[in-house]
Amino acid sequence: MAAGTAGTGIIRRIFSNPWVTLAIGAAAGYYGYKYRKEIVAAARQATDAGKDFVLEKRERLSDIVAEADDAEDKQTGEDKAE
């Protein structure tokens, strides 16, 4: 346990250094700019997949509701015949 505690102290000291924070931000900005087209394409693909998922679930739900309505109409029709 003591090794884990000492490790977190070192990590905290490293990341509290403003130069390290600046370097991490610069690296993130560099790679974000370098791969911006791929990032945008991946985001669009994820958005399209999410829309397709929602539309598919909505269609399945409407099918289930229609089946329930048909079953209810059939059951009320049988009740009236009796």
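Residues numbered from 1 in each chain as written. Predicted model: local features only at pLDDT ≥ 70, side-chain atom pairs only at ≥ 80, totals over all residues. Heavy atoms only, no water.

Novice: Account for a negative patch on the surface, with residues named and values stated.
Specialist: A surface patch of like charges, here negative, comprises E59, D63, E67, D69, D70, E72 and D73. Structurally, the position occupied by E59 is in helix 3 (residues 36–81). Judged by its relative accessible area of 52%, E59 is exposed. (Patch = residues over 30% accessible without salt bridge, like charges linked within 9 Å, V, L, I, M, F, W, Y side chains within 5 Å. Areas by Shrake-Rupley, 256 points an atom, 1.4 Å probe, with all protein chains shown as cover. Salt bridge = Lys/Arg side-chain N within 4 Å of Asp/Glu carboxyl O. Lys, Arg positive; Asp, Glu negative; His and termini not counted. Charge placed at Lys NZ, Arg CZ, Asp CG, Glu CD. Helix = DSSP H or I, 4+ residues; strand = E, 2+ residues; numbered from the N terminus. Buried < 20%, exposed > 50% of the residue type's maximum accessible area, 1.4 Å probe, protein only.)

Novice: So, helix 2 (residues 18–34): which residues are in play, and what are the values?
Specialist: Residues separated by three or four positions in an α-helix point in the same direction, a consequence of the helix having 3.6 residues per turn. Counted at 1.5 Å a residue, the expected span for helix 2 with its 17 residues is 24 Å, and the 24 Å between its end C-alpha atoms agrees. In this structure N17 caps helix 2, since a side-chain oxygen of it lies 3.0 Å from the backbone nitrogen of W19. (Expected span 1.5 Å × (residues − 1). Polar contact = N/O pair within 3.5 Å; in protein donor to acceptor, adjacent residues only side chain to side chain.)

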